[in-house]
Amino acid sequence: MTDGLRVIVSGGSMGGMFTALALLEGGHDVEVFERAAGELAERGAGIVVQPRMLEYLENRGIARPDEFTLSTNRREYLNRDGSVREGRADSMTFTGWDTLYRRLRGTVEDDRYHAGRVVGFERDGEAVAVRFENGAERRADLLVVAEGGRSETREQLLPDVGPEYAGYVAWRGLIDERDVSRELVERFEDTFLFFEGERQLVLGYLIPGPDGGTWAGERRLNWVWYDNVRDGDRLEGLLTDSRGVEHDFSVAPGGLREGVERELRASAEELPDVFSRLVGKTEKPFVQTVYDLTVPRMTAGRVCLVGDAAFVARPHTAAGTAKAAADAIELGAALDGRDRSEVESALETWEGRRLAAGRRLVREGVRMGEGYMD
């Protein structure tokens, strides 16, 4: 490690894990700090896995696609009565957020992964001094900020930049396939199902089970329901949890107020039967706001932003995790063979490519969202 850079990664979620992997592969000395280190493995939601990410994971011996993903070869749009309005061949690959995270986390040694929250930093010659909530301070050649869309470090770098609410929310839920009828599960076998209503979109697909199982009987059904919520008072009510705490972006599984959950289930009766049954059977539905985030720059000296800390595209693009992985992989390539004096020039080259990619993805998310929801 004597020739590698000393790197601190703030954030141990997807972007942080991919960054650690890419930089460790390049021979750098990497330490990851995550404020919610004990909670991430329990986060559950379905995600789309893009081909480049699958190739990266397989080539490095982290996971073969058949070990942690499920695929569909058909996409269908339903009418309100459940009949198929439109169907076509379309190949998609899915996994669970928790399934993928555990695979990534298992590749980073425990002595490189710490509980800790970055609260500040400053330039220190050819290094950056990083301060932590517990009062500790560490010097590094590079600070990578992978804290997600609500990044506090990004707010310090770019105080005038923040998430912009898109005017709708995503209701979400997971349910073990064993908790619904076999007939309902079969409707999602090899098929990515959709329903388009007035200013709403519902979709569902199968993902691995909570322990990563991909065989029949081990899996989960994942559903997402995009719903227009433009009334500020209603949005505030949805984001106030069962303890009376108001949140900015989401209410976690099990946190919805009783009245909100009851209204959700009642509204689901207007959906096609396959979706109304899923919503009705889900024990702990949750809600997330949909928002856009674009930054004018991704670097400042020896600090850089990756993943959702820089750009958040609407989930219709199915590329948020893939973008975080690409940020990390290209960062590793940009720093390959560079010494400490070349860090900032390497970041400048990397930033140009990743700014363009992030902006394109956000624009595509806005275009798709407007097509569905406006």
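Before going into details, it helps to say that this report is about the structure given with it. Keep in mind that what you see is a predicted model, and the values were worked out from it rather than measured.

Cut-offs and rules
- Residues numbered from 1 in each chain as written.
- Predicted model: local features only at pLDDT ≥ 70, side-chain atom pairs only at ≥ 80, totals over all residues.
- Heavy atoms only, no water.
- Pairing = 2+ DSSP bridges.
- Helix = DSSP H or I, 4+ residues; strand = E, 2+ residues; numbered from the N terminus.
- Axes fitted to C-alpha atoms, helices over the stretch in contact; angles between N-to-C directions.
- Buried < 20%, exposed > 50% of the residue type's maximum accessible area, 1.4 Å probe, protein only.
- Contact = heavy atoms within 4.5 Å.
- Phe/Tyr/Trp six-rings, centres within 6.5 Å; stacked < 30°, edge-to-face > 60°.
- Lys NZ or Arg CZ within 6 Å of the ring centre and 35° of its normal.

1. Points about the sheet that holds strand 9 (residues 137-140)
Alright, step 1. Spatial ordering of the open sheet is given by 7-8-9, a layout of three strands whose pairing is antiparallel. Where the open sheet ends on each side, the last strands, each with one partner, are strand 7 (118-123) and strand 9. Ignoring which end each strand starts from, the neighbouring axes of this sheet average 25 degrees apart.
Alright, step 2. Note: strand 8 (residues 128-132) against strand 9, four bridges, orientation antiparallel. Looking at strand 9, one finds that Ala129 is bridged to Arg139.

2. A look at unusual backbone geometry
Alright, step 1. One non-glycine residue, Asp190, lies in positive phi territory at about 60 degrees.
Alright, step 2. Considering the arrangement of structural elements, one finds Asp190 in the loop between helix 6 (182-188) and strand 12 (191-197).
Alright, step 3. Judged by relative accessible area, Asp190 falls into the partly exposed class, the value being 36%.
Alright, step 4. Even without being a glycine, Ala318 presents a positive backbone phi close to 55 degrees.

3. Describing the environment of Gly149
Alright, step 1. Residue placement: Gly149 occurs in the loop between strand 10 (142-145) and helix 5 (152-157).
Alright, step 2. For Gly149, a relative accessible area of 7% corresponds to the buried category.
Alright, step 3. Between the C-alpha atoms of Gly149 and Gly358, which are 209 residues apart in sequence, the distance is 13 Å.
Alright, step 4. Ignoring any residue separated from it by four or fewer positions in sequence, one finds Gly149 in contact with Arg154, Pro163, Tyr291, Leu293, Asp308, Ala309 and Val312.

4. What about the packing of aromatic side chains?
Alright, step 1. Counted according to the given criterion, the structure contains 11 aromatic pairs.
Alright, step 2. A centroid spacing of 5.0 Å and a plane angle of 75 degrees characterise the contact between Phe94 and Phe192, whose relative ring orientation is edge-to-face. Pair noted here: Phe94 is in strand 5 (residues 84-96) and Phe192 is in strand 12, with a separation of 98 residues, a long-range link. Each member of the pair Phe94 and Phe192 is classed as buried.
Alright, step 3. Between Tyr168 and Tyr226, the ring centres sit 6.2 Å apart and the planes meet at 80 degrees, which makes this aromatic pair edge-to-face. With Tyr168 in strand 11 (residues 164-176) and Tyr226 in strand 14 (residues 220-228), this residue pair connects regions lying 58 residues apart in the sequence. The exposure classification of Tyr168 matches that of Tyr226, with both residues buried.
Alright, step 4. Each residue in the set Tyr77, Phe94, Phe192, Phe194 and Tyr205 is aromatic and connected to the rest through ring pairs, giving one cluster.
Alright, step 5. A cation over a ring is seen here: Arg105 above Tyr113, with NZ or CZ 4.0 Å from the ring centre.

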